[in-house]
Amino acid sequence: MNYEYYKIFYYVAKHKNITKAAAELYSSQPAVTRTIQNMESELGCKLFLRGKTGVELTHEGQILYEYASVACRQLIKAEEELGQNLNPENGTIYIGATVTALHCYLFTEINKFHAKYPRIKLKISTQSTAQTIEKLKNGAVDLAFVTTPFANCKGLTVKKLMSFENVLIAGKRFSALKDKPQSMHDISEYPLICLNKGMQLREFIDDIYSAHGLVCDPDIEADSADLIVPMVEHDWGLGFVPEQMAETALAKGTAFKVTLKEELPRREVCLITDGGHQQTRASYEFQKSLLK
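Analysis parameters
- Residues numbered from 1 in each chain as written.
- Predicted model: local features only at pLDDT ≥ 70, side-chain atom pairs only at ≥ 80, totals over all residues.
- Heavy atoms only, no water.
- Helix = DSSP H or I, 4+ residues; strand = E, 2+ residues; numbered from the N terminus.
- Expected span 1.5 Å × (residues − 1).
- Buried < 20%, exposed > 50% of the residue type's maximum accessible area, 1.4 Å probe, protein only.
- Arc of directions from axis to C-beta.
- Phe/Tyr/Trp six-rings, centres within 6.5 Å; stacked < 30°, edge-to-face > 60°.
- Lys NZ or Arg CZ within 6 Å of the ring centre and 35° of its normal.
- 1 Å grid on protein atoms, 1.4 Å probe; cavity = no way out; pocket = protein on both sides within 12 Å on 5 of 7 lines; lining within 4 Å.
- Points joined across faces, edges and corners; volume = space filled by probe spheres on them.
- Nonpolar A, V, L, I, M, F, W, Y, C, P; charged D, E, K, R; others polar.
- Polar contact = N/O pair within 3.5 Å; in protein donor to acceptor, adjacent residues only side chain to side chain.
- Contact = heavy atoms within 4.5 Å.
- Pairing = 2+ DSSP bridges.
- Axes fitted to C-alpha atoms, helices over the stretch in contact; angles between N-to-C directions.
- Salt bridge = Lys/Arg side-chain N within 4 Å of Asp/Glu carboxyl O.

1. Digging into helix α3 (residues 29–43)
With 15 residues, α3 extends 21 Å between its outermost C-alpha atoms, agreeing within 8% with the 21 Å of an ideal straight helix rising 1.5 Å per residue. Along α3, the residues that are buried comprise V32, T35, I36, M39 and E40. Down the axis of α3, the buried side of the element spans an arc of 135°, and every buried residue falls inside it. Of the exposed residues in α3, those oriented more than 90 degrees away from the buried face are S41 and E42.

Quick look at the structure:
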């Protein structure tokens, strides 16, 4: 079975839709369908379940995808890189990042780099810390930007880029808290907005509460850090966020800082790379610019 078969399988699995896969491959729907049927015949198992709106991987298809996707992503990156003649001014940067790392660090650094290399293409995926590190390990991204705390980095290179602090913010409904220092015990009486269990900022907040003999029991849980500020602005509760993410709301007056008696530990934005995977030239140049 040749690479083109696996490439077609990869795009169908990625889009969960034969028509979309065919469009990205500049092929026809019947041709893609025939290829999938040929693969299923050669492998002796069903790879997809057909539905009205698209396709879903079978158990066997999921196993194949876990292996094929890693190889295909690497080969697709290689094809793009060769097509750009290994020129950093025309290349592609493959970035995995958490939302916090984007707001606290990456947006500014990408702006500076893009001013120097305006023809560089960016492919950015934002996921949780664990998912971002996993994407780096399987070669889907060249550079991973995450924030502490994190784990599962054995065999990877970690470089600290900057430190930042988290602040507690509140909306107009809680204006009685303005300019009155509060203890962690005080604020535990107010509704809290936080990330879902298992996410890095949530673990950070859990540890702070635990250090003061408290249990973090949010009234509202979100799956992305950039949702906390809008929820605070709508007076749903208090929220801990990196200071950079709260700047606009604080400047507009739609939120204010709650002064805490206890000092919160600082966190860090880190760059993680994997020497076992080849970076694109553009990604390498971007990394160099960050570490000068």
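2. A few points about the packing of aromatic side chains
In this structure the tally under the stated criterion is 9 aromatic pairs. Centroid distance Y10 to Y11: 5.2 Å. Interplanar angle 70°. Geometry classified as edge-to-face. By relative accessible area, which is 6% here, Y10 ends up buried. Owing to a relative accessible area of 8%, Y11 belongs among the buried residues under this scheme. In textbook terms, an aromatic cluster arises when at least three aromatic residues are bridged by ring pairs, as seen for F9, Y10, Y11, F48 and Y65. Over the aromatic face of F204 sits the side chain of R267, whose NZ or CZ is 5.2 Å from the ring centroid.

3. Looking at unusual backbone geometry
Cis geometry marks the peptide bond from T148 to P149, where omega comes out at 0°. Position of P149 relative to the elements: it lies in the loop between β5 (143–147) and β6 (157–164). At Y26, a position not held by glycine, the phi torsion is positive, near 55°. Structurally, Y26 is set in the loop between α2 (18–24) and α3. In this model, D179 sits at a positive phi of 60°, which is unusual for a non-glycine residue. Looking at the secondary structure, you find D179 in the loop between β7 (166–170) and α7 (184–187).

4. Structural notes on empty space enclosed by the protein
Throughout the structure, instances matching the rule amount to 1 cavity of 30 Å³ or more. Taken together, L136, V141, D142, D274, H277 and Q279 form the lining of the largest cavity. Along the lines of polarity and charge, the residues of the lining of the largest cavity split into 2 nonpolar, 2 polar and 2 charged.

5. A look at the side chain of Q287
As for its position among the elements, Q287 is in helix α11 (residues 281–290). For Q287, the side chain forms a polar contact with the side chain of Q279, separated by 2.8 Å. Leaving out residues up to four positions away in the same chain, Q287 has contacts with L143, K159, L271, T273 and Q279.

6. Remarks on the sheet that holds β5
Spatial strand order, β4-β3-β5-β12-β6: 5 strands in an open sheet with mixed pairing. Each end of this open sheet is capped by a strand with a single partner; those strands are β4 (121–126) and β6. Across the sheet, the mean angle from the axis of one strand to that of its neighbour is 20°, orientation sign disregarded. Strand direction decides the pairing type here: β6 and strand β12 (residues 267–273), joined by 7 bridges, are antiparallel. By the bridge assignment, F164 is partnered in β12 with R267.

7. As for the pattern of salt bridges
Under the counting rule described, the total for this entry stands at 13 salt bridges. K252 serves as the salt-bridge partner of E233, at 3.6 Å between the closest nitrogen and oxygen. With E233 in helix α9 (residues 228–233) and K252 in helix α10 (residues 243–252), the pair connects residues that are 19 residues apart, well separated along the chain. By relative accessible area, which is 55% here, K252 ends up exposed.

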